[in-house]
Amino acid sequence: MIQTDILIIGAGPTGLFTVFEAGLLKLKTHLIDALPQPGGQCSEIYPKKPIYDIPGFPEILAGDLVKNLLKQIESFEPGFTLGERAETLERLEDDTFVVTTNKGTKHYAPVVVIAGGLGSFEPRKPPIVGIENYEDKGVEYIIRDPEIYRNKKVVIAGGGDSALDWSIFLANVASEVTLVHRRNEFRGALDSVEKVQELKNIGKINLITPAEIKGLHGEGKLTAVTIAKKGEESRLLEVDHFIPLFGLSPKLGPLGNWGLEIEKNAIKVDNSYDYQTNLPGVYAIGDVNTYKGKLKLILSGFHEAAIMCQSAYQRINPGKKYVMKYTTVSGVEGFDGSKKEAKKEIVQTIY
């Protein structure tokens, strides 16, 4: 069983920043996320989209924000359980918790923090008859290990950053990459669109637009897809893998069965104090929570993380007073023995 001080469900920006705030209080953290990498939507859906409302950054790409947050918390050595969804919450007799994932991994902590953004993410599936019969048999909605596509024929469908970026990446892994999009225009970053066009021109990517995948074929596993291009007859294309990348749909999922007070698919919290839910010891911060005046902004999640950690400290250390010191004064001391601090001024006495 994995043990920690604060168990964070959700490894998006708010969850990652919680690691930093907890670390300042000498509290260990562990994060659970259904996605295969940290960063939430910023990593999975729009890593190359600019964000303009992060304090101190007039503009920063979502993917770069995640990289910076991971760098910021590195010295606090957080643990990660990735690619697994938090499934059940059990309160023990001493008011501590055990959270078990859909793969049976158990986590023990006195404090649980739900920082799951808009909830767990489920892939948006294209309306293709029988697609469920090929899931994990040639159809994948999320790319977890690019190596499984080594020297394979791959078809990617979609028109956003994820579809473009993976097409570019797999062009040097797969034996054949075909990108299919129902429009001629793409929604992704301009440099990615230009890179795909460049790879098409040199024969590294087959680009088919405007078109859609209309059928899947194969006995026991995927062997071909039907491509319908506007103004042309449908044709069959031999493939090993079909990867529809149409984004992810947020859902509370199993969290909705934990006895939490829910309002409009969000978790109600006490915003006047510490963002605790109706279950003592369980907090909700970031886009997953709701309260009067709530703003679904990353910077709001950062603020909520800082306040919540102060409350969590008191729960873990009852009766122990914590005197807050600014990092400009106390520095940042990591669990790995590192320390960052401002240089001390040298005071010289003249006699």
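For the structure, check the block above.
Residues numbered from 1 in each chain as written. Predicted model: local features only at pLDDT ≥ 70, side-chain atom pairs only at ≥ 80, totals over all residues. Heavy atoms only, no water.

Trainee: Which residues make up the packing of aromatic side chains, and what are the values?
Mentor: For the structure on display, the rule yields six aromatic pairs. Members of the aromatic cluster, each reached through a chain of ring pairs, are F17, F20, F76, F302 and F335. (Phe/Tyr/Trp six-rings, centres within 6.5 Å; stacked < 30°, edge-to-face > 60°.)

Trainee: Quick one: what's the story with the sheet that holds strand 14 (residues 206–208), residue by residue and with numbers?
Mentor: Taken in spatial order, the four strands make up an open sheet running 14-13-12-18, and their pairing is parallel. For this open sheet the edge positions go to strand 14 and strand 18 (241–244), each flanked by a neighbour on one side alone. With strand direction ignored, the average angle separating the axes of adjacent strands in the sheet is 15°. Note: strand 13 (residues 176–180) against strand 14, three bridges, orientation parallel. When the bridges of strand 14 are listed, T178 appears paired with N206. Relative to strand 12 (residues 153–157), helix 4 (residues 161–170) is tilted by about 165°, and along the sheet it contacts strand 12, strand 13 and strand 18. (Pairing = 2+ DSSP bridges. Helix = DSSP H or I, 4+ residues; strand = E, 2+ residues; numbered from the N terminus. Axes fitted to C-alpha atoms, helices over the stretch in contact; angles between N-to-C directions. Contact = heavy atoms within 4.5 Å.)

Trainee: Outline the pairing of strand 7 (residues 86–91), listing residues and values.
Mentor: Note: strand 7 against strand 8 (residues 97–101), five bridges, orientation antiparallel. For E90, the partnering residue across the bridge sits in strand 8 and is V98.

Trainee: If you had to explain the pattern of salt bridges to someone new, which residues and values would you point to?
Mentor: Any two side chains of opposite charge can pair if their charged atoms end up close together. Scanning the entire structure with this criterion turns up 13 salt bridges. K71 serves as the salt-bridge partner of E74, at 3.4 Å between the closest nitrogen and oxygen. Of the charged contacts, one joins K294 and E304 as a salt bridge, the two residues approaching to 2.9 Å between their closest N and O atoms. Of this pair, K294 sits in the loop between strand 23 (289–290) and helix 6 (298–316) while E304 sits in helix 6, placing them ten residues apart in sequence. With respect to burial, K294 and E304 carry one shared label: buried. Among the charged side chains, a network of salt bridges with common partners joins E261, E263 and K268. (Salt bridge = Lys/Arg side-chain N within 4 Å of Asp/Glu carboxyl O. Buried < 20%, exposed > 50% of the residue type's maximum accessible area, 1.4 Å probe, protein only.)

Trainee: Help me get a handle on the side chain of H30, residues and values and all.
Mentor: Relative to the helices and strands, H30 is located in strand 3 (residues 29–33). A polar contact of 2.8 Å, which involves the side chain of H30, links it to the side chain of T81. When residues no more than four places from it in sequence are discounted, the contact partners of H30 are I2, T4, I6, L7, I8, G79, F80, T81 and H107. (Polar contact = N/O pair within 3.5 Å; in protein donor to acceptor, adjacent residues only side chain to side chain.)

Trainee: So what's going on with the packing of helix 1 (residues 13–24) against helix 6? Residues and values would help.
Mentor: Two numbers describe how helix 1 lies on helix 6: the axes approach to 9 Å, and their chain directions differ by 35°. The hand of the helix 1/helix 6 crossing is right-handed. Contacts between helix 1 and helix 6 involve P13, T14, F17, T18, E21 and A22 from the former and I298, G301, F302, A305, A306, M308 and C309 from the latter. Of the residues in the contact of helix 1 with helix 6, the class split is nine nonpolar, three polar and one charged. (Left-handed = near helix turned anticlockwise from the far one by under 90°. Nonpolar A, V, L, I, M, F, W, Y, C, P; charged D, E, K, R; others polar.)

Trainee: Break down the sheet that holds strand 9 (residues 106–109) for me, citing the residues and quoting the values.
Mentor: Sheet strands line up and pair through hydrogen bonds in the backbone, either parallel or antiparallel. If you trace the four strands from one edge of the open sheet to the other, you get 1-9-8-7, paired in mixed fashion. Bordering the open sheet on either side are strand 1 (2–3) and strand 7, each of which pairs with just one other strand. Note that strand 1 and strand 9 share two bridges and pair parallel. When the sheet's bridge partners are listed, Q3 is paired in strand 9 with Y108.

Trainee: Would you mind going over unusual backbone geometry in detail, with residue names and values included?
Mentor: Peptide bonds are, in most cases, trans, and in most cases residues other than glycine have a negative phi. For the bond from T209 to P210, the omega torsion is -20°, close enough to zero to count as cis. Structurally, P210 is set in the loop between strand 14 and strand 15 (211–217). Of note, E77 is a non-glycine position whose phi angle comes to about 45°, a positive value. Locating E77 in the fold gives a position in the loop between helix 3 (62–73) and strand 6 (79–82).

Trainee: Could you give me a rundown of the environment of K294, with the residues and numbers involved?
Mentor: The class of K294 is buried, set by a relative accessible area of 15%. Residues K294 and N271, spaced 23 residues apart in sequence, show a C-alpha to C-alpha distance of 8.9 Å. Not counting chain neighbours up to four residues away, the residues in contact with K294 comprise G286, D287, N289 and E304. In terms of polar contacts, K294 uses its side chain to reach the side chain of E304, at 2.9 Å.

Trainee: Break down a positive patch on the surface for me, with residues and values.
Mentor: A cluster of basic residues, K49, R182, R183 and R187, forms a positive patch on the protein surface. Mapped onto the fold, K49 is located in the loop between helix 2 (41–44) and strand 4 (50–51). (Patch = residues over 30% accessible without salt bridge, like charges linked within 9 Å, V, L, I, M, F, W, Y side chains within 5 Å. Areas by Shrake-Rupley, 256 points an atom, 1.4 Å probe, with all protein chains shown as cover. Lys, Arg positive; Asp, Glu negative; His and termini not counted. Charge placed at Lys NZ, Arg CZ, Asp CG, Glu CD.)

Trainee: Talk me through the nonpolar core; I want residue IDs and the actual numbers.
Mentor: Grouped together as the largest cluster of nonpolar side chains are 54 residues, with contacts concentrated most on I6, V99, I114 and W258. Contributing elements (two or more residues each) for this core: strand 2 (6–9), helix 1, strand 3, helix 3, strand 8, strand 10 (111–114), strand 22 (282–284) and helix 6. For this core, the leading source of residues is helix 6, giving six residues. Contact partners of I114, with chain neighbours within four places excluded, come to I9, L255, W258, L260, I267, V282, Y283, A284, I285 and V288. Membership of the second largest hydrophobic core comes to 20 residues, among which are L164, A171, F186 and V196. (Core = buried A, V, L, I, M, F, W, Y, C linked by side-chain atoms within 4.5 Å.)

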